[in-house]
Amino acid sequence: MRNTQWLAGQKPLFVNMPEDGFIDAYLQLNPQSHISCFNSNFIDYQAIQHKHQSKPQNKVSSQFSAVYQSDITHDLVIIAFPKSKAELAFTLAMIAPHITEQTRILFVGEKKGGIQSTLKLTQHFITNGQKIDAARHCMLFAGFAQAEALEKPFNLDDWFKKYPLEIDDIKLTIASLPGVFSQQKLDVGTQLLLNNLPEDMCGKVLDFGCGAGVISCFIGKKFTDTKLSLLDVSALALTSAEKTLQLNDLTGNVFASNSLSNVTEKYQHIVSNPPFHQGLKTHYQATEQFLAGIKNYMAKPSDITIVANSFLQYPPIMEQHIGKTSTQAKANGFSIYQVKC
């Protein structure tokens, strides 16, 4: 906010900026502006919607999606530096159809998040890049788009990383967008979970924090009498999961939710490799809310199976809110916990 001379814009686009008061402060400086907010995180999107959509003179529009869509040409873009460097390249390519060579692009983020590598990472897109400011362990960069970069059409399919997977003679193809957990290969925790699922599964299955959809697709192939529901907070993850289902000739209900906020059904089986990182900070709240409230969405009979880093104290929470919790397996620093109701 102390760099006000860089913030002027009639039609600014804020990319993955949180609702932390900045939008209101920006409008005080630039009362004629009409702000477009794009968030791939459902919680941030909800917060912006809740704060601004009911205002009588609403000058803020918000969008939750994997890809920004608009007819507006923006004169300013402010990007919150993503946790994944690959996601930064994706973001720039995504906004290219909505900017010109005169559009000022700002990058802001924490040093420990890698913001200092902005100029190197954006050299094939940004011209006249420069560091504007640094303070409070954060940095601010600015630049303009190169003409050649704006000429390249954006095609979402070009950004999926696809890899084959074979477990227990079940062959899958996984598709994942930049920034989605386990984009390049199967992670150790999920591998352990897939090897320790209930012996027989049928009925409704909820995959909490589905990521690219690996767990659900394996279940869908191995247990054909299941009906899959996949939940995540990330639009990039949800779009990846939809693609993975499609590639494996499966169907499922894929939806966004802030923990259990949008869950309405009861399930015979709940499976999860729950997230415990939000950005660069260790963050358990969403998983603890999930474990504390999930029993309301468990049919009778039913079971819940999760994998977690062994140091996380999830069993006491599961014991308190769900029922008697057993440790099914331990390996490579991960544990499988299960409750049968």
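Numbering of residues starts from 1 in every chain and runs along the sequence as written. Totals for whole chains, interfaces and linings use all residues, but because this is a predicted model, local features are given only for residues with pLDDT of at least 70 and pairs of side-chain atoms are given and counted only at 80 or more. The side-chain figures draw on all heavy atoms in the structure; neither hydrogens nor water molecules are used.

Where an unreviewed UniProt entry is consulted, the chain appears under the name Ribosomal RNA small subunit methyltransferase C, with the organism given as Litorilituus sediminis. UniProt positions are given in the numbering used here, feature names are shortened, and annotations may be inferred rather than shown by experiment. UniProt, in the comment section headed Sequence similarities (unreviewed entry), describes the chain in these words: "Belongs to the methyltransferase superfamily. RsmC family." UniProt's Catalytic activity (unreviewed entry) comment on the chain is quoted here verbatim: "guanosine(1207) in 16S rRNA + S-adenosyl-L-methionine = N(2)-methylguanosine(1207) in 16S rRNA + S-adenosyl-L-homocysteine + H(+)".

Draft legend 1. Region of interest: the environment of Lys295. Strands are runs of DSSP state E lasting at least 2 residues, helices are runs of H or I lasting at least 4, and numbering of each runs from the N terminus. If you trace the backbone, Lys295 turns up in the loop between helix 9 (285-293) and strand 16 (298-309). Throughout, a residue-residue contact means that at least one pair of heavy atoms, one from each residue, lies within 4.5 Å. Non-local contacts of Lys295, meaning those with residues more than four positions away in its chain, are made with His321, Ile322 and Cys341. Pairs of N or O atoms are called polar contacts if they sit within 3.5 Å, as long as, within protein, a hydrogen donor faces a hydrogen acceptor (for residues adjacent in sequence, only side-chain-to-side-chain pairs). A polar atom in the side chain of Lys295 sits 3.1 Å from the backbone oxygen of Ile322.

Draft legend 2. Highlighting the pattern of salt bridges. Note on definitions: salt bridges are taken to be side-chain nitrogens of Lys or Arg within 4 Å of carboxyl oxygens of Asp or Glu. Counted according to the given criterion, the structure contains seven salt bridges. Measuring nitrogen to oxygen at the nearest pair gives 3.3 Å for the salt bridge that ties Lys51 to Glu19. You can see Lys51 sitting in helix 2 (residues 42-52) and its partner Glu19 sitting in the loop between strand 1 (12-15) and helix 1 (22-29), a full 32 residues away along the chain. Across the pair Lys112 and Glu110 runs a salt bridge whose closest N-O atoms are separated by 3.9 Å.

Draft legend 3. Spatial organisation of unusual backbone geometry. With an omega dihedral of -5 degrees, the bond running from Lys300 to Pro301 counts as a cis peptide bond. Within the element layout of this structure, Pro301 appears in strand 16. Positive phi is not limited to glycine here, since Asp249 has a value of about 55 degrees. Here Asp249 is to be found in the loop between helix 8 (235-247) and strand 12 (253-256). Accessibility here uses a 1.4 Å probe with only protein chains present; expressed as a share of the type maximum, an area under 20% marks a residue as buried, one over 50% as exposed, and anything in between as partly exposed. Given a relative accessible area of 69%, Asp249 falls into the exposed group. Even without being a glycine, Ser259 presents a positive backbone phi close to 55 degrees. Mapped onto the elements of the fold, Ser259 is located in the loop between strand 12 and strand 13 (267-272).

Draft legend 4. How the structure looks around the environment of Val254. Structurally, Val254 can be placed in strand 12. Of the residues examined, Val254 reaches a relative accessible area of 18% and is grouped as buried. Taking the C-alpha atoms as reference points, Val254 and Thr239, separated by 15 residues in sequence, lie 8.6 Å from one another. Sequence-distant contacts of Val254, that is, excluding residues within four places in its chain, are made with Leu230, Leu238, Ala241, Glu242 and Leu245.

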